[in-house]
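Structure at a glance
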Amino acid sequence: MNAPLDDDAVLAAARDWLAQDPDPVTTAELTRLIEAAQSGDGESLAALHDRFDTRLAFGTAGLRGELAAGPNRMNRVLVAQAAAGIASYLLARSAGDRPSVVIGYDGRTNSDVFARDTAELMAGAGVRAVLLPRLLPTPVLAFAVRHLDATAGVMVTASHNPPRDNGYKVYLGGADQGSQIVPPVDAEISAEILRVSEGDIRLLPRSDEFELADESVIDAYVAATASVAGAPAADGPAPTVAYTAMHGVGWQTAKRVFEAAGLPSPTLVAAQIEPDAAFPTVSFPNPEEPGAMDLAFATARAAGADLVVANDPDADRLAVAIPDAAAEGGYRRLSGNEVGALLGWSAAEAATDGVLAVSIVSSPALAAVARAHHLDFAETLTGFKWVSRVPGLIFGFEEALGYLVNPATVRDKDGISAAAAFLALACRLHAEGRTVADRLDDFAERFGYFASDQISVRVRELREIGDTMARLRRDPPAAVGAVRVERIDDLQDGFGALPPSDVLRIHLDDGSRVIVRPSGTEPKLKIYIDASSDEGTLAERRASATARVRDLAEGMSALLGV
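Here we summarise the structure given alongside this text. Please read all numbers here as calculations on a predicted model, not as lab measurements. (Residues numbered from 1 in each chain as written. Predicted model: local features only at pLDDT ≥ 70, side-chain atom pairs only at ≥ 80, totals over all residues. Heavy atoms only, no water.)

Once that is clear, we can look at the packing of helix α4 (residues 76-92) against helix α5 (residues 111-125). Direction vectors running N to C along α4 and α5 enclose 35 degrees, while the axes themselves pass 9 Å from each other. Here the hand of the crossing between α4 and α5 comes out right-handed. Facing α4, whose interface residues are R76, V79, A80, A83, I86, A87 and L91, α5 presents V113, F114, D117, T118, L121, M122 and A125. (Axes fitted to C-alpha atoms, helices over the stretch in contact; angles between N-to-C directions. Helix = DSSP H or I, 4+ residues; strand = E, 2+ residues; numbered from the N terminus. Left-handed = near helix turned anticlockwise from the far one by under 90°. Contact = heavy atoms within 4.5 Å.)

Dropping the structure here:
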């Protein structure tokens, strides 16, 4: 991180930024801050320091931040610098061939503006730029990179972040098969962006000679995605399904996929079905957040739904809920580990070879499925940029509601294909007179009951995270609660096939596991806890695993002083 600017320097940096900003909204905002700071307003001066002392870091997740002026926010100047930097990177590695990029965008504020800026700057730099025809889900962009054989892809989205955020994801084609970037590519692109940022974006060449993709790209995605559902269910009653797009861009594409796959037409959460950048019915448009699915549950109750299906705003994640009389609202949202286990089991039943994969923080349940079906199993670092790159992959998931059910066409998590696969499973169960809850019980009977929990420790200063990780390494715990530690895997310098990562994996004597790592997107330390039992009745297995997870959560809270 750069050293903080002094007050005169921050005012000078703000004026330089203002001179090249083409957005009337952010120029007006920045003008007010500069004038107030020059008049002695301390809060405005502090706000300028917050925006100009540092900049949003470009990493493997691309860029993501709040919409506002300055290099530490998402805006047209920053996006122009990013687009020009990525173009420079692509041209440098093109070996004389003209590189190409396909660009997608969702329904968030300025997504379309950022996408068009990117297309014009890429074309101006000499890159063949193809802009998707309208706002679309992130998985369509990931698909289009491979379908159009593009060198790279850019998706303008902040996924499930708060309403005021936007972001910028980068994918690579060719040998990377449309996966998101990983090191060292992120650092190489970041260096190009920083080089561009030393100049004035008004001097960057622009061109309107970019291409507009036609609807055939979406048609191809729909056809490929519908195929993951298999043959349509036999005639007869289908489960009743409630669906929400969470004010995002998922529904129009999901609707076509469901129809093409012969899946039941869902009852829609009308207030959340169309894209709306204000996200008026949710404070945080993430299906994992408390209250985010309340309207979906109300719609489901009114319809007597057997299943609730939710996509996040860019439709790369899937949430599922099932009826549960004991749950508030009458429905229980399944964890990402539960959905992943069921989808992975379905994939294993249909496979004769291949690899099942999860990120290291996800449940070990899928490993049990792989063993039982004589399939290979792989663990990766957190993030689908890693899961998607597993050779021979037939299915992968991450506990944060991300699933990859069709790696032959999309090398990223895809909430629409996952929804199609899950609805197909629900239809098959319904035709047999059974439910998703029954299938979960079947899983526990065959593979064991797997329980999980997660603790997030929010910090005020980022150094607190480093201090905690250093303390755990310096003075590793001999026990968590009453359970003795068997060993600790420190991934700091890599571990086996895993690249280096700031992660501690604690193995307990009773076979349970605790993972500690810093969050990649928030000022949090995250702790993942997993335990399982395959002894006794289903009720005994559930009680044993659940109790051990609870005790370990209490033990970790005590260990960390939270």
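Another point: the pattern of salt bridges. On inspection of all chains with the given rule, the structure shows 34 salt bridges. We note a salt bridge from E120 to R206, for which the minimum N-O separation is 2.8 Å. Residue E120 is located in helix α5, and its partner R206 is located in the loop between α7 (185-197) and β7 (211-212); the two are separated by 86 residues in the primary sequence. Since its relative accessible area comes to 15%, E120 is described here as buried. By relative accessible area, which is 37% here, R206 ends up partly exposed. One salt bridge connects D530 with R513, and the closest N-O pair in it is separated by 2.9 Å. Placement of D530 in strand β22 (residues 524-533) and of R513 in strand β21 (residues 513-518) is noted, with a sequence separation of 17 residues between them. Note on accessibility: D530 and R513 belong to one class, buried. Members of the salt-bridge network, linked through shared partners, are E379, E486, R487, D489, R505, R513 and D530. (Salt bridge = Lys/Arg side-chain N within 4 Å of Asp/Glu carboxyl O. Buried < 20%, exposed > 50% of the residue type's maximum accessible area, 1.4 Å probe, protein only.)

Within the secondary structure, D21 sits in the loop between α1 (7-20) and α2 (24-38). One buried charged residue, D21, forms no salt bridge at all, with the nearest opposite charge on R76 at 6.2 Å. In terms of polar contacts, D21 uses its side chain to reach the side chain of T26, at 2.7 Å. Ignoring sequence-local partners within four residues, the contact set of D21 consists of T26, T27 and V77. (Lys, Arg positive; Asp, Glu negative; His and termini not counted. Polar contact = N/O pair within 3.5 Å; in protein donor to acceptor, adjacent residues only side chain to side chain.)

What follows deals with unusual backbone geometry. Residue P183 is joined to P184 through a cis peptide bond whose omega torsion reads 5 degrees. For P184, the position within the fold is in the loop between β6 (179-180) and α7. Non-glycine residue H247 carries a positive phi angle of around 65 degrees. You can see H247 is positioned in the loop between β8 (241-244) and α9 (251-260). At L401, a position not held by glycine, the phi torsion is positive, near 65 degrees. Locating L401 in the fold gives a position in the loop between β15 (393-398) and β16 (402-404). For L401, a relative accessible area of 1% gives the class buried.

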